[in-house]
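Structural characterization, general
Here is how the chains run, residue by residue.
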Number of protein chains: 10
Amino acid sequence: MSLATLDTTQHPHLTAAAATLFSAKAAKQLSFEQIANHIGRNEVATAAIFYGQAKASPEDIQSLASLLHIPAGPLEEQLSGFPDRGRSVEMPPREPLIYRLYEIVQNYGYAYKAVLNEKFGDGIMSAISFSTKVEKETDSEGNNWAVITLRGKWLPYSRF
Amino acid sequence: MSLATLDTTQHPHLTAAAATLFSAKAAKQLSFEQIANHIGRNEVATAAIFYGQAKASPEDIQSLASLLHIPAGPLEEQLSGFPDRGRSVEMPPREPLIYRLYEIVQNYGYAYKAVLNEKFGDGIMSAISFSTKVEKETDSEGNNWAVITLRGKWLPYSRF
Amino acid sequence: MSLATLDTTQHPHLTAAAATLFSAKAAKQLSFEQIANHIGRNEVATAAIFYGQAKASPEDIQSLASLLHIPAGPLEEQLSGFPDRGRSVEMPPREPLIYRLYEIVQNYGYAYKAVLNEKFGDGIMSAISFSTKVEKETDSEGNNWAVITLRGKWLPYSRF
Amino acid sequence: MSLATLDTTQHPHLTAAAATLFSAKAAKQLSFEQIANHIGRNEVATAAIFYGQAKASPEDIQSLASLLHIPAGPLEEQLSGFPDRGRSVEMPPREPLIYRLYEIVQNYGYAYKAVLNEKFGDGIMSAISFSTKVEKETDSEGNNWAVITLRGKWLPYSRF
Amino acid sequence: MSLATLDTTQHPHLTAAAATLFSAKAAKQLSFEQIANHIGRNEVATAAIFYGQAKASPEDIQSLASLLHIPAGPLEEQLSGFPDRGRSVEMPPREPLIYRLYEIVQNYGYAYKAVLNEKFGDGIMSAISFSTKVEKETDSEGNNWAVITLRGKWLPYSRF
Amino acid sequence: MSLATLDTTQHPHLTAAAATLFSAKAAKQLSFEQIANHIGRNEVATAAIFYGQAKASPEDIQSLASLLHIPAGPLEEQLSGFPDRGRSVEMPPREPLIYRLYEIVQNYGYAYKAVLNEKFGDGIMSAISFSTKVEKETDSEGNNWAVITLRGKWLPYSRF
Amino acid sequence: MSLATLDTTQHPHLTAAAATLFSAKAAKQLSFEQIANHIGRNEVATAAIFYGQAKASPEDIQSLASLLHIPAGPLEEQLSGFPDRGRSVEMPPREPLIYRLYEIVQNYGYAYKAVLNEKFGDGIMSAISFSTKVEKETDSEGNNWAVITLRGKWLPYSRF
Amino acid sequence: MSLATLDTTQHPHLTAAAATLFSAKAAKQLSFEQIANHIGRNEVATAAIFYGQAKASPEDIQSLASLLHIPAGPLEEQLSGFPDRGRSVEMPPREPLIYRLYEIVQNYGYAYKAVLNEKFGDGIMSAISFSTKVEKETDSEGNNWAVITLRGKWLPYSRF
Amino acid sequence: MSLATLDTTQHPHLTAAAATLFSAKAAKQLSFEQIANHIGRNEVATAAIFYGQAKASPEDIQSLASLLHIPAGPLEEQLSGFPDRGRSVEMPPREPLIYRLYEIVQNYGYAYKAVLNEKFGDGIMSAISFSTKVEKETDSEGNNWAVITLRGKWLPYSRF
Amino acid sequence: MSLATLDTTQHPHLTAAAATLFSAKAAKQLSFEQIANHIGRNEVATAAIFYGQAKASPEDIQSLASLLHIPAGPLEEQLSGFPDRGRSVEMPPREPLIYRLYEIVQNYGYAYKAVLNEKFGDGIMSAISFSTKVEKETDSEGNNWAVITLRGKWLPYSRF
């Protein structure tokens, strides 16, 4: 099985931690599923930590350091700040897989808004009080289906 | 309860059918959930038909016409072509609700890619062989949560 | 005193309600402060309703209709949907007053982030669970100062 | 408590001083609040100095050097010029926290303009004769609220 | 001599007043210099009023109405609001004359900043507390030179 | 007094000469006014040479080399080509001081065009056969005013 | 032979004169060469007048009116102002023929600059003191070649 | 006389050959005219080879190597591939000289198209089967004029 | 079977002919294949005529007029000019089907260039001396495959 | 014959593998056709592997390593991840050859959509379940023609 890796030539502006973590992951030949199981987090969240898009708790850092055989001190230093999110993908995304997700927003954006507004009123689905997961289904004809679930708290607009 | 409506002053370039359908929906005071139940489709798909982002079958058109009291002939004419998708939202989206979905792609794009690639190999989740739904959950503290599910066929890259 | 007006030649894509409301406001020669006092809302929120950036409650609509001598029925119809926010200003803003606000975000964005993160942890200040107000101060030398207050709920990132 | 840090891999074009200051701050484990108290400035202004968005006076430099144990000479050299502001955030901001501030301008821009114009006449709120602060409030239900105050001199347009 | 006119086919989104004023100016065959002399303002400011980029005082409106034989009432209505500046030129400007001014900013921007900062300290030249004028010089060889003067109040950055 | 300096971390793509010149200027603690007086040029032009936006004559190079104690040979080599102008500022400018100049073009562009066309006919004010200067005025209340003069040859469009 | 025409559905923002002139040209079935010969101007300049990119003299207007059987008064009114150039092509041009010209600038831009600078010194080729023409050549194998000549005055940068 | 040079600080992404060639040209103090004469090509084409915008034949490479005293082997290696054209100028060009050429396309684009279409039918002037040259003319008053000739094969659209 | 139609609300700037032709096609219920067969052209070329992207010969116009029952005179007038190509799709394309074609260029662009250069030398594949066709294949498992063939003349770069 | 090469100065952000592979290809003087024959893949796919746009199987890697005399270990490491596609070409493409392909999409995009929709119904041609090839034809007059075939699975939109 192939593993997701990071080519720093292509991503020179990801965090310093990204280089450290991906290189250790490659050396250990671990999948995000295995790492996520080890640190007790969802695998999308785990990958997001690697890409500098989610914050690791001190326990996550300890756990990653021990699993990946990275000295905990420097890793802690690299991960101690607050993530500077949103810099990994340039929009519109050129990567075909990520573009498909973008296209779903582009095509169904107003349909989601209409349905959400009718169900919940005036507000938004939070992307912060939020979790997501990826699942794999195989149908009776052997086709694989990817299922992505987005779950966000509904925030009504304040009246003022 | 408020209903999603269409202000054609704000959206002058949506399809001619959009104006027809939204105006009938407002007159009938129907929600997308009610319309979707009537025509036997998912409510996101139903809203997408209204916004010109999904194709209505001849049966859908008959059913919409009878529910909304629109003459079937002109509606058929307006809906007979192939949707010219992707024109309802200008990217990046400025609408806060739609922006939150865009932000999820921006922040978690590479995390999704990494996890999907490790689970399925080299390929993409289709946005065409695809369905989606919106659900409402209320937690024990009375908070509402929106749950959006994206389900797409996995397409492996052809080897050539 | 001059009043804020709307020139629909310049803003052809604001909501239909915007034209109705601004034209009645001009006819009645009312300031947003007066209208806000009448409907019992903050004046920024009141102006935001006029520009289609905030939702009016059924009571707001009644109150606006009676103050501005607009037939309540059509106004209700125009305002019954969910606001399609974010379409009034094209970014970067070219209007000098609005640009100054944009410039504050551009210059102090990371400083705000650093200070907020250290004070609250990893998260964001909500722009939805949010209120704002504008005040006028005059200093001892007779200079006027505008004071804008932004108050948003702190949303910590969910751990998942 | 986590502290705001700087990952120069992600921000290669911030000032040379930014790297010096953030690295000393991390070594000393000081928050912006502590540093601000020490140099007698507001904490947003202090963070802005770190990001190269505000000018430090000679006294600020001395004070920063002694608190952070940085040799004063080189720091003075790095900070002696005039800030080249506006280069830390690329607009539209991709960082979710900063985006929320941008969204406030995008949504309420014309509402602010209308209210300010009616209150002050034709002019702008200065972003130069300007100060800002961040405060934390906790409501009776234990929710935290961030309060950002923007205070700028009102500049009327000259008649010529 | 040719006069500056407005082709509303080309500028559909200028103010309603712009159409009124330019059409009266063309009918009366008046130059901006003549109009400026009549209303007692600088000719750039006068042209800016026509393009909706500067505010006319009630006296200006009376004076314009009588000179241009426009009914004062409707003109007052059209000009009573606050200018929505910055919408007449799309940047980068495509008009060669306006582009040359833009190019001056592009080429000499940092030189101006360096010289102004050394002369005045940390701050900006206001574009609000500001006036400008255009003059014509003819040198000894008969060449014409345009001289544009920009005069703005110096605003030092507040210390906070 | 502070002097304008260059932080090459922020401006990695200015000319090689810019780094040489600014670093010598900082070492010698010279203002652009002093350097301009020494080489017999206007101070904006002098700063423009430093930023690679104007050509230095062989005499200018000698004069700069001797004033700044830079070996003339390498400086000559660095400055011997033709300036590649326009690369120092990215448009729209994010630096507040430079943005104010840009805003003047954005707001008054068509007013300048109208007035210049009426005064000179169909043509442009050259930005090449062009000079500019910066002056400081102090009014009776002690306020400082920056005065920027732009003087360009008028070029009528050729008839062909 | 086909003639160049104007489809105002495609070009809604060209000048009012453009519609008048192109429609008369189509009715009279005249080529630009024939019109140019009649009014005594180059055919590119003639086409540029039609597209609102060049100024017609009073004599040109008379001559066009009589050739095209358009009432001179309204035409004079439409053409009496100063051209607002640069609005006919959106850059980058999408029209393949115009794109080829753009591509020549994109590919050979620095080569032209280098050769022109070495031949003429520091300066530019004017696009205002400028004429251009189009010629047709047929080589010995019967291939047609288009030859476009650009001739502009050399403007050296002023020393100041 | 000044020569065109390359400042690799400003153009870090030109080809490796560009650095080699320009540095040898500077050392030898040769103009493009001299080099062009030596290798038997047009000087624009020669400069285009230096900027990586045209292909050098094996004979050109030998000839350049011997004239510029560069070892032929490495030069051959650097020049052996196919040019990756179009990367030297970022559009819109910010360099004033190159911008003037761009402006000619922007202003006269449709005029060229109209005239070329009427002369040649439906098609384009090739930018590939194409040559160009730069000439200098001096008129009777001593003014210099730059003349650029573009000569491209006419390609009619295929009928299919 | 559904037919391709044109919704002029969505495409207000297509040619006047597009509206005429599509509306007749809908009335006659003809596919592009049927129309192409009738006029003796490829169906992509036929659709391109409808979208204003290809030129119709006088015979094509006659043939279209008789098949679609449109008066030949007005159609001739609408189609007599030269197509103003490239305005039907805004790039990047938002329509998913068209985006897939764009993505092929984005992903395989350099691969095509490398292979074409090695096969043909330095040059381009013409998009003018060019034809294209669409075919349908069904594989043994009943899956449909779309096959698009692009055939363009190879144009070598001229040596000059 | 010239071979396609990679100049990493021009493409600093291609994958690390790209540099390795292209440099070995140049040393071995192999064309993509030769390499493709050796590894048993299409030559466009082979070039796409070099540019990081397609995934190499373990067998491909072995085969490339042995043909190009690269140690298999490091190559495997560089190629073991999942391609991050779409980063080799910046859109719109500036390279003339690649631009021609882009232009085909821009001009014929809607024609392809119309024809494909009528032939296949509502859906897209996959760019993932996809192969492509390049062929060379020479016509009876000795002209070369490039033929590019795109073959993608037809994906109908799911009904939901």
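Residues numbered from 1 in each chain as written. Chains lettered and ligands numbered in written order. Predicted model: local features only at pLDDT ≥ 70, side-chain atom pairs only at ≥ 80, totals over all residues. Heavy atoms only, no water.

1. Describing the overall build of chain A
Put simply, the rule reads: Numbering of helices and strands runs from the N terminus; a helix is a DSSP stretch of H or I covering at least four residues, while a strand is a stretch of E covering at least two. Summary of the burial criterion: residues with accessible area below 20% of their type's maximum are buried, those above 50% are exposed, and those between are partly exposed, where the area comes from a 1.4 Å probe applied to protein chains only. Pairs of residues are marked as contacts when any of their non-hydrogen atoms sit within 4.5 Å.
When its secondary structure is counted, chain A shows six helices and two strands. When the helices and strands of chain A are listed from N to C terminus, the series reads α-α-α-α-α-α-β-β. Seen through its C-alpha atoms, chain A measures out along the principal axes to roughly 50 × 50 × 30 Å. Burial status across chain A gives 66% buried among its 160 residues. Relative to all contacts within chain A whose residues are 6 or more apart in sequence, the contacts with residues 24 or more apart total 52%.

2. Details of the interface of chain I and chain J
So the rule is basically this: Buried area adds together the accessible area that both of two parts lose upon being put together, with accessible area traced by a 1.4 Å probe. When a carboxyl oxygen of Asp or Glu is within 4 Å of a side-chain nitrogen of Lys or Arg, the pair counts as a salt bridge. Between N or O atoms, a polar contact is any pair within 3.5 Å; within protein, one atom must be a potential hydrogen donor and the other a potential acceptor, and residues adjacent in sequence are included only when both atoms are from side chains. In this classification, the charged set is Asp, Glu, Lys and Arg, the nonpolar set is Ala, Val, Leu, Ile, Met, Phe, Trp, Tyr, Cys and Pro, and all remaining amino acids, among them Gly, are polar. In this description, strands pair whenever DSSP reports at least two bridges between them.
Each side of the interface is counted separately: chain I has 71 residues, and chain J has 71 residues. Considering only the side of chain I, the residues that lose the most area to chain J are Tyr110, Tyr112 and Glu118 of chain I, jointly responsible for 12% of the buried surface there. The salt bridge involving Glu95 of chain I is made with Lys113 of chain J; its shortest N-O contact spans 3.3 Å. Counting across the interface, chain I meets chain J through 24 residue pairs in polar contact (both at pLDDT 80 or more). Sorting the residues of the side of chain I that touches chain J by element identifies α2 (32–39), α3 (43–50), α6 (96–120), β1 (123–138) and β2 (144–156) of chain I as the ones contributing at least two each. For the side of chain I that touches chain J, the element with the most residues is α6 of chain I, which contributes 24 residues. For the side of chain I that touches chain J, the class distribution of residues is 39 nonpolar, 17 polar and 15 charged. Across nine bridges, the pairing between β2 of chain I and strand β2 (residues 144–156) of chain J is antiparallel. Its bridge partner lying in β2 of chain J, Gly152 of chain I is registered against Ala146 of chain J.

3. Notes on the relation of the copies chain I and chain J
Rules: In superposing the copies, a least-squares fit is computed on C-alpha atoms, taking residues whose pLDDT is at least 70 in both.
For the pair chain I and chain J, the relating rotation is 180°, the translation along its axis is 0.0 Å, and the fit reaches an RMSD of 0.0 Å. With respect to symmetry, the two chain copies, as superposed, fit the operation of a two-fold axis. Taking C-alpha positions as the reference, the residue of chain I nearest the rotation axis is Thr149 of chain I, at 2.3 Å. By residue overlap, the copies meet face to face through one surface: 100% of the interface positions of chain I are interface positions in chain J.

4. Some points on the pairing of strand β2 (residues 144–156) of chain D
Residues and elements named next belong to chain D. Pairing of strand β1 (residues 123–138) with β2, which is carried by twelve bridges, proceeds in the antiparallel orientation. Bridging from a neighbouring strand, Phe130 pairs with Gly152 of β2. The hairpin formed by β1 and β2 contains five residues between the paired strands, and Gly142 there has a positive phi angle of roughly 85°.

5. Here we look at the relation of the copies chain J and chain G
Overlaying chain J on chain G yields an RMSD of 0.0 Å, the required transformation being a rotation through 180° with an accompanying axial translation of 0.0 Å. Residue by residue, 100% of the interface of chain J is reproduced at the interface of chain G, so both copies engage with the same surface.

6. Some points on the sheet that holds strand β2 (residues 144–156) of chain E
Stated precisely, the cut-off is as follows: Structural elements are reduced to axes, namely lines fitted to C-alpha atoms, with helices fitted over the stretch in contact, and the angle between N-to-C directions of any two is expressed from 0 to 180 degrees.
Strand order in the open sheet made by the four strands is β1(E)-β2(E)-β2(F)-β1(F), with antiparallel pairing throughout. At either end of the open sheet lies a strand with only one pairing partner, and these are β1 (123–138) of chain E together with β1 (123–138) of chain F. Between one strand axis and the next, the sheet turns through 20° on average, direction left out of account.

7. A few points about the side chain of Gln10 of chain C
Following the sequence through the fold, Gln10 of chain C ends up in the segment before α1 (16–28). Since its relative accessible area comes to 6%, Gln10 of chain C is described here as buried. Beyond its immediate sequence surroundings of up to four residues, Gln10 of chain C is in contact with His13, Leu14, Thr15, Asp84 and Arg87 of chain E.

8. Describing the pattern of salt bridges
Under the counting rule described, the total for this entry stands at 99 salt bridges over all chains. One salt bridge connects Arg41 of chain C with Asp60 of chain C, and the closest N-O pair in it is separated by 2.8 Å. With a gap of 19 residues between them, Arg41 of chain C in the loop between α2 (32–39) and α3 (43–50) and Asp60 of chain C in helix α4 (residues 58–68) connect regions that are remote in the sequence. Asp60 of chain C matches Arg41 of chain C in its accessibility class, with the two residues each being buried. Linked by salt bridges that have partners in common, Arg41 and Asp60 of chain A together with Arg159 of chain C make up one network.

9. Focus: the side chain of Lys113 of chain F
The topology assignment puts Lys113 of chain F in helix α6 (residues 96–120). Filtering out sequence-adjacent residues up to four positions away, Lys113 of chain F remains in contact with Glu95, Leu97 and Ile98 of chain E together with Phe82, Pro83 and Asp84 of chain G.

10. Structural notes on the interface of chain J and chain G
Accessible area lost when the parts come together is the quantity often used to give the size of an interface. Between chain J and chain G, the residue contacts involve eight residues of the former and eight residues of the latter. Carbon and sulfur atoms supply 40% of the area that chain J and chain G bury against each other, a total of about 690 Å² over both sides. The interface formed by chain J and chain G contains two salt bridges. Glu103 of chain J is the partner of Arg100 of chain G in a salt bridge, and the nearest nitrogen-oxygen pair spans 2.7 Å. Counting across the chain J and chain G interface gives four residue pairs in polar contact (both at pLDDT 80 or more). For the side of chain J that touches chain G, the per-class residue count stands at three nonpolar, two polar and three charged.

11. Some words on the environment of Asp139 of chain D
Residue and element names in this part refer to chain D. Locating Asp139 in the fold gives a position in the loop between β1 and β2. By relative accessible area, Asp139 is classed as partly exposed at 23%. Side-chain polar atoms of Asp139 contact the backbone nitrogen of Asn143, separated by 2.8 Å.

12. Concerning the packing of aromatic side chains
Put simply, the rule reads: Paired rings are identified among Phe, Tyr and Trp, the last through its six-membered ring, by centres lying within 6.5 Å, and are further divided according to the angle between planes into stacked (under 30 degrees), edge-to-face (over 60) and tilted (the rest). Both a distance and an angle decide whether a charge sits over a ring: NZ of Lys or CZ of Arg must be within 6 Å of the ring centre and within 35 degrees of the ring normal.
Summed over the entire model, instances satisfying the criterion amount to 120 aromatic pairs over all chains. A cation sits over an aromatic face here: Lys55 of chain E above Phe82 of chain E, 5.1 Å from the ring centre. The side chain of Lys25 of chain J reaches across the aromatic face of Phe32 of chain J, ending 4.4 Å from its centre.

13. Details of the sheet that holds strand β2 (residues 144–156) of chain C
Pairing is antiparallel across the open sheet formed by four strands, whose spatial order is β1(C)-β2(C)-β2(D)-β1(D). If you trace the sheet from one side to the other, it starts and ends with β1 (123–138) of chain C together with β1 of chain D, each paired once. Averaged over neighbouring strand pairs, the angle between their axes works out to 20° when direction is ignored.

14. Digging into helix α3 (residues 43–50) of chain J
Residues and elements named next belong to chain J. With respect to burial, α3 is a largely interior element, eight of its eight residues being buried. Along α3, the positions that sit buried rather than exposed are Glu43, Val44, Ala45, Thr46, Ala47, Ala48, Ile49 and Phe50. The opening residue of α3, the one whose side-chain oxygen lies 2.5 Å from the backbone nitrogen of Val44, is Asn42. Once α3 finishes, Gly52 follows within two positions and takes phi at roughly 75°, a positive value.

15. Quick word on the environment of Asp139 of chain E
Each C-alpha atom of the pair Asp139 of chain E and Ile39 of chain E lies 31 Å from the other, and the pair is 100 residues apart in sequence. Within polar-contact distance, the side chain of Asp139 of chain E engages the side chain of Trp145 of chain E at 2.9 Å.

16. Describing a negative patch on the surface
Quick reminder of the rule: Each patch is assembled from residues with relative accessible area greater than 30% and no salt bridge, linking like charges that lie within 9 Å and nonpolar side chains (Val, Leu, Ile, Met, Phe, Trp, Tyr) that lie within 5 Å. Per-residue accessibility takes into account occlusion by the displayed protein chains alone, with areas from the Shrake-Rupley method and a 1.4 Å probe. Positive charges are assigned to Lys and Arg, negative charges to Asp and Glu, while His and the chain termini are left out of the count. Charge positions come from single atoms, namely NZ of Lys, CZ of Arg, CG of Asp or CD of Glu.
A surface patch of negative charge is lined by Glu90 of chain A, Glu90 of chain D, Glu90 of chain F, Glu90 of chain H together with Glu90 of chain J. Inspection of the secondary structure assignment puts Glu90 of chain H in the loop between α5 (72–79) and α6 (96–120). Judged by relative accessible area, which is 52%, Glu90 of chain H ranks as exposed.

17. Notes on unusual backbone geometry
Here the amide bond leading from Met91 of chain D into Pro92 of chain D is cis, since omega sits at -5°, within 30 degrees of zero. Unlike most non-glycine residues, His69 of chain G shows phi in positive territory, near 55°. Mapped onto the fold, His69 of chain G is located in the loop between α4 (58–68) and α5 (72–79).

18. A short note on the packing of helix α6 (residues 96–120) of chain E against α6 of chain F
Put simply, the test is: For any pair of crossing helices, the crossing counts as left-handed if the nearer helix is rotated counterclockwise from the farther one by less than a right angle, and right-handed if it is rotated clockwise.
In the contact formed by α6 of chain E and α6 of chain F, the axes pass within 9 Å of each other and the chain directions differ by 145°. Between α6 of chain E and α6 of chain F lies a crossing of right-handed hand. Taken together, the residues of α6 of chain F that come into contact with α6 of chain E (itself represented by Leu97, Ile98, Leu101, Tyr102, Val105, Gly109, Tyr110, Tyr112, Lys113, Leu116 and Asn117 of chain E) are Leu97, Ile98, Leu101, Tyr102, Val105, Gly109, Tyr110, Tyr112, Lys113, Leu116 and Asn117 of chain F. A per-class count over the contact of α6 of chain E with α6 of chain F returns 16 nonpolar, four polar and two charged.

19. Structural notes on the environment of Ile61 of chain D
Residues and elements named next belong to chain D. Mapping Ile61 onto the fold places it in helix α4 (residues 58–68). Note: C-alpha distance between Ile61 and Ile39 (22 residues apart in sequence) is 8.8 Å. Those residues in contact with Ile61 that sit more than four places away from it in its chain are Ala56, Ala72, Leu75, Glu76 and Leu79.

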